[in-house]
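The chain contents come next:
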Amino acid sequence: MALMKADNLCQPCLWHTWASTRPEAIALVTAKSEYTWQALVERIHRLARVLAAQGVSEGAVVTVVSNNSPDVVMLHLACIQLGAITALTMPQPYQLIQENLRVLYGEGQRQFVWSSDSAISGFSEQDRQRLFTDCQILNLQAPVASSASCLARRDAGRRDAEQRDTEHRDTEKIVSIVFTSGSSGVPKAVAHTQEQHLASARGLLAVLSFQQHDCWLLSLPIYHVSGLSILYRWLSVGACLKIGSGQLEQDIQGATHASLVATRLKRLLDHRQPLQLSHVLLGGSDVPLPLCQQARDSGIETWLGYGMTEAASTVTAKPTDGIASAGRVLPNRQVQLRNKRIYIAGDTLASGYYYQGLLIPLVDEQGWFDSKDVGQWVDGELRITGRADNQFISGGENIHCEEIEAVLNRHPDIRQSLVIPVHSAEYGARPVALIDSASDQSALQLPLWLADKLTHFKIPDAFFPMPQQPQTGIKLSRKAMREWFSDNQNEYQLMNAPENVK
């Protein structure tokens, strides 16, 4: 497979444009503060100088381990201003973070890391020491060096310099890395440019109204492309972004737009609190029509869509209706079906998978990306009918059956395991596991054993003894196990089988 050198120059900064044209408009609302565009630019500029003083420069990769916060948003924007790359990752066991770091950094390369206090507090003392030994931990509150070399221009001349930067900077350089699981569960670092993110934002907003007087709640994790894409919709329009405290009923106040799973929208509507919401982009495969009608009665327009990390989020979208589909292809994207398998192309596709400074192409020779999803056209709309592999989506997270099985099979008392996705009203799907072991299931204490080996959402909700059935081939038959489970476990409803389950 061909490799391309990852070249990274500084990026144009849309917040400078909005600070110039709308300096006193509210740009960002947090749980504690409000920032105008002018104030936001000043905060970003200061943070960029703080980072530069600690060695972050053009082309550097800064790993961010945190849930949503104002610090994460400003850090990402400050890195763009410096021409650095932000690699966003969720708080998780340290050994999983190490896997990400091995993907990002080569031998001897400086490993810049910023982690929230809450993320670090979840590490053992030994892991904290390893983190601080192996990586350069960034301090966002460090004193500002007024003469930082890469930001030497004075404030008096900043506007002219920023205008020149906006006109001349190369928009084809990487600004973000978001991790997604490969078919084996090994993390893949999906690298996007600012222009790819903005093409995604502008394509969606060509059909979904989002104006400068509106406010979009950052209601999804920024370490997933579904959350990161909210930032670029905000920047593309120059509207308002709200970063809450994690309490949806409070955070939603004042927001006109939000991205939510159906169960969270239902809780909001059932709570009967006054809402300013006008549009909700719903995630998940099952969107109940009665819920959409309930939202419509409250003046809320609900939308659904289909997307993925490699395509910078949404690929198709539409207002919810009675037709079972994910909507029409948005501007700046193309979709084609090959034997029902969905291939994607267009301006939103990632530049490649990042690996230690190189970009591994993700498209075929004709420029098409294999989504590994299966679908069909319904009157010009795309209907998603399943996966072509053993992956499923749970609450917006990709889960690979084989990844969980590989970890379970390392248990000294487990001979083999098989993971099955079952329907979940809240998350769309959840994993359960069949276990072949001579030991008593309860004695294995599998949830506890898995706690530091899998990200929490990948730990199966339930474990069952595997039935003894004849094996007709080298591999355990997933199809036979699913059929047995369906016949013997009435408590759970199986998800649709992938196309190639055998």
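The structure this text deals with has already been given above.
Residues numbered from 1 in each chain as written. Predicted model: local features only at pLDDT ≥ 70, side-chain atom pairs only at ≥ 80, totals over all residues. Heavy atoms only, no water.

Q: Please explain the sheet that holds strand S27 (residues 462-465) as it appears in this structure.
A: Remark on secondary structure: sheet strands pair via backbone hydrogen bonds, oriented parallel or antiparallel. Here 3 strands make up an open sheet; going across it, the order is S25-S26-S27 and the pairing mixed. The open sheet is flanked by strand S25 (416-424) and S27, the only strands paired with a single partner. Here the strands of the sheet are splayed against their neighbours by 30° on average, with no regard to which way each runs. As defined by bridge partners, S25 adjoins strand S26 (residues 428-436) across 9 bridges and the pair is classed as antiparallel. From the neighbouring strand, His-423 faces S26, where its bridge partner is Ala-429. This element, helix H13 (residues 401-408), spans S25, S26 and S27 of the sheet and lies at about 140° to S25. (Pairing = 2+ DSSP bridges. Helix = DSSP H or I, 4+ residues; strand = E, 2+ residues; numbered from the N terminus. Axes fitted to C-alpha atoms, helices over the stretch in contact; angles between N-to-C directions. Contact = heavy atoms within 4.5 Å.)

Q: What am I meant to see in the packing of aromatic side chains here?
A: Think of a pair of aromatic rings as described by two things: how far the centres are apart, and how the planes are tilted against each other in angle. Under the defined criterion, the tally for this structure stands at 6 aromatic pairs. Judged by centre distance (5.3 Å) and plane angle (20°), the rings of Trp-37 and Trp-234 are stacked. Linking Trp-37 in helix H2 (residues 37-53) with Trp-234 in helix H9 (residues 225-237), this pair joins segments that are 197 residues apart in sequence. For Trp-37, a relative accessible area of 0% gives the class buried. Summarising the aromatic geometry, the rings of Phe-210 and Trp-216 are spaced 5.1 Å apart at their centres and angled 85° between planes, so their arrangement reads as edge-to-face. One exposure class covers both Phe-210 and Trp-216, and it is buried. In this structure, Arg-338 packs its charged tip against the face of Tyr-343, placed 3.9 Å from the ring centre. (Phe/Tyr/Trp six-rings, centres within 6.5 Å; stacked < 30°, edge-to-face > 60°. Buried < 20%, exposed > 50% of the residue type's maximum accessible area, 1.4 Å probe, protein only. Lys NZ or Arg CZ within 6 Å of the ring centre and 35° of its normal.)

Q: What am I meant to see in the pairing of strand S2 (residues 26-29) here?
A: Regular strands place their side chains on alternate faces of the sheet. Here S2 runs beside strand S3 (residues 34-36); their pairing, made up of 3 bridges, is antiparallel. If you follow Ile-26 over to S3, its bridge partner there is Thr-36. Between S2 and the antiparallel strand that follows it, S3, lie 4 residues. In this sheet, strand S11 (residues 240-242) lies alongside S2 in parallel orientation, the contact comprising 2 bridges. Pairing of Val-29 across the sheet is with Lys-242, part of S11.

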